[in-house]
Amino acid sequence: MKYDFTIVGAGIVGLSTAYKLSLKYPNASILVLEKEDRVAAHQTGKNSGVVHSGIYYKPGSYKARNCVDGRLQLVDFCRKHDVAMEVCGKVIVATDDSEIPKLKEIYERGLKNEIEGIELIDAKRLHELEPHVNGVAAIHVPCSGIVDYAGMCRVLMQLLEEGNGKVQFNSEVSNISNKGDEIVIVAGGEKIRSHFLINCAGLYSDHVAKFAGVHSPVKIVPFKGEYYELKPEAQYLVKDLIYPLPNPEFPFLGVHFTRMALGGIECGPNAVFAFKREGYNKLSFNLKETTETFNFPGFWKMAREHWRMGIDEYRRSFSKKAFVKGLQKLIPAIREEHLEVSPSGIRAMALQPNGEILDDFYFEVVDRQIHVLNAPSPAATAGLAIGDEIVSRVEKHFKFHQPA
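Remember, it's a predicted structure, so these values are computed and weren't measured experimentally.

*Asks:* Now, about the pattern of salt bridges: what can you tell me, with residues and values included?
*Replies:* Overall, the coordinates contain 23 salt bridges when judged by the stated rule. When the shortest N-O distance is used, the salt bridge between Glu278 and Lys35 registers 2.8 Å. In this pair, Glu278 sits in the loop between strand E17 (272-273) and helix H7 (287-294) while Lys35 sits in the loop between strand E2 (30-33) and strand E3 (50-51), placing the two residues 243 residues apart along the sequence. The class of Glu278 is buried, set by a relative accessible area of 17%. Residue Lys35 is classed as partly exposed on the basis of its relative accessible area, which comes to 27%. In this structure, Asp367 engages Arg368 in a salt bridge whose closest nitrogen and oxygen atoms are separated by 3.4 Å. Since its relative accessible area comes to 49%, Asp367 is described here as partly exposed. In this structure Arg368 comes out as buried when scored by relative accessible area, which is 14%. One network of salt bridges, in which partners are shared, links Lys2, Asp181, Glu182 and Arg193.

*Asks:* Tell me about the packing of helix H2 (residues 62-81) against helix H5 (residues 149-161), and name the residues and values.
*Replies:* At a closest axis distance of 11 Å, the pairing of H2 and H5 adopts a crossing angle of 75°. For the element pair H2 / H5, the angle class is roughly perpendicular. From H2, Leu74, Phe77, Cys78 and His81 reach across to H5, where they touch Tyr149, Met152, Val155, Leu156 and Leu159. Looking at side-chain class alone, the contact of H2 with H5 contains eight nonpolar, one polar and no charged residues.

*Asks:* Residues and numbers for the environment of Arg109, please.
*Replies:* Examined against the element boundaries, Arg109 turns out to sit in helix H3 (residues 100-112). Once the C-alpha coordinates of Arg109 and Tyr56 are considered, the two residues, 53 residues apart in sequence, prove to be 6.8 Å apart. Ignoring any residue separated from it by four or fewer positions in sequence, one finds Arg109 in contact with Ile55, Tyr56, Tyr57, Lys58 and Pro59.

*Asks:* Could you give an account of the environment of Ile334, with specific residues and numbers?
*Replies:* The topology assignment puts Ile334 in the loop between helix H9 (320-328) and strand E18 (339-351). In the structure, Ile334 is positioned 202 residues away from His132 in sequence and 9.5 Å away in space, judged by C-alpha atoms. In this structure Ile334 touches Leu230, Leu237, Phe257, Val324, Leu327 and Gln328, once residues within four positions along its chain are discounted.

*Asks:* Outline the sheet that holds E3, listing residues and values.
*Replies:* Whenever strands of a sheet pair, they do so through backbone hydrogen bonds, lying parallel or antiparallel. One open sheet accounts for three strands, arranged E3-E8-E4; its pairing is antiparallel. Two strands bound the open sheet, and with one partner strand each, they are E3 and strand E4 (85-86). The sheet contact formed by E3 and strand E8 (residues 145-147) spans two bridges and is antiparallel. Its bridge partner lying in E8, Val50 is registered against Ile146.

*Asks:* A description of the pairing of strand E20 (residues 369-374) should follow, citing residues and the corresponding values.
*Replies:* Note on strand geometry: in a regular strand, side chains alternate between the two faces of the sheet. Across the six residues that make up E20, a large majority, six, are buried. Sheet topology note: the strand E12 (residues 190-199)/E20 ladder contains three bridges and is parallel. When the bridges of E20 are listed, Ile198 appears paired with Ile370. The pairing of strand E19 (residues 362-366) with E20 spans five bridges and is antiparallel. Along E20, the bridge assignment pairs Val365 with Ile370.

*Asks:* Lay out the state of the cysteines with the relevant residues and their values.
*Replies:* Applying the stated criterion across every chain yields a total of zero disulfides. The structure places no disulfide on Cys67, whose sulfur is separated from the nearest cysteine sulfur, that of Cys143, by 8.8 Å. For the unlinked cysteine Cys153, the closest cysteine sulfur is that of Cys78, found at 10 Å.

Procedures and definitions
- Residues numbered from 1 in each chain as written.
- Predicted model: local features only at pLDDT ≥ 70, side-chain atom pairs only at ≥ 80, totals over all residues.
- Heavy atoms only, no water.
- Salt bridge = Lys/Arg side-chain N within 4 Å of Asp/Glu carboxyl O.
- Helix = DSSP H or I, 4+ residues; strand = E, 2+ residues; numbered from the N terminus.
- Buried < 20%, exposed > 50% of the residue type's maximum accessible area, 1.4 Å probe, protein only.
- Axes fitted to C-alpha atoms, helices over the stretch in contact; angles between N-to-C directions.
- Parallel < 35°, antiparallel > 145°, perpendicular 65-115°, else oblique.
- Contact = heavy atoms within 4.5 Å.
- Nonpolar A, V, L, I, M, F, W, Y, C, P; charged D, E, K, R; others polar.
- Pairing = 2+ DSSP bridges.
- Disulfide = S-S within 2.5 Å.

Below is the structure:
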């Protein structure tokens, strides 16, 4: 069979894209290739499950626009399809007076991004919302929430397969070539023919692009986020979502507290370089992937700029005491004995040759192919909106005539 659209990757971006294509072109045949035996096996299923508001992002950026649009779509979708989700709100906390100017900057950015309901609050109101937090002021973001992203992906797959779509597991892509008016994809040992290809491979998106002959200057560098979970006897310390002020020079939001949609409260993550793109254990290592990263000039330029922060993150990785000290800045009552290790996640961070972190969604379009080469947080929240973005690029760049 020759497919109209083949999508690589059954995470939230790949499945949202497939779903949106099926709505736009209901008679089109759509195949999603996934190298694992389930959907949402990596970034989508191993993140903190937060529905982001869009407050942090540069006004006018893809991130800002798609996060707000995607969040509104996500909430409607989950309510319609009974996916575990709750709009519970969060607080972004200033722990001392020196942080208040930065807090106000984030609030002003939130207003520019038209984040509904946000409010600067004083310590009294903060402690009404989160009684155990140490803070002098905060931003209350009532439209943030929590969701089961893996459950959402399973629903997207079901909806896709009720039409002309199919998700094929255990199908790792190993080669892509153009043959006349079709694309031939070798995956899981078989050849698949397709009119169009969309690469949503996340941590391996740059490798899939290279298979297709697209040599992007952007390189994926993996960063591991390690989490702890609060034991049941300490869960009273957190009501909903509690975030510190983010470091504007680093694309991570800092160690925070997250009530999970399926139960439990996570604490974290830190952010340490991962020596394997899908290496979730403390000592996971892949020589080929590590060498690839170390041979990329942009990695060393970034490392020189952020080495102090990197050392701090590794200290928290190997010292529970140091990790707890970071948590205590927000909730002083946290103790080592309150925490147990929770599964880690890996984030695909796109680096440029000059060492700059690519901080927005990034696509490359070539003949009958779209490659999503950077989909950082809040990509999960924005997934349905990114699907719309990709459909609009299909309309603009591809000459596709829907089958009757």
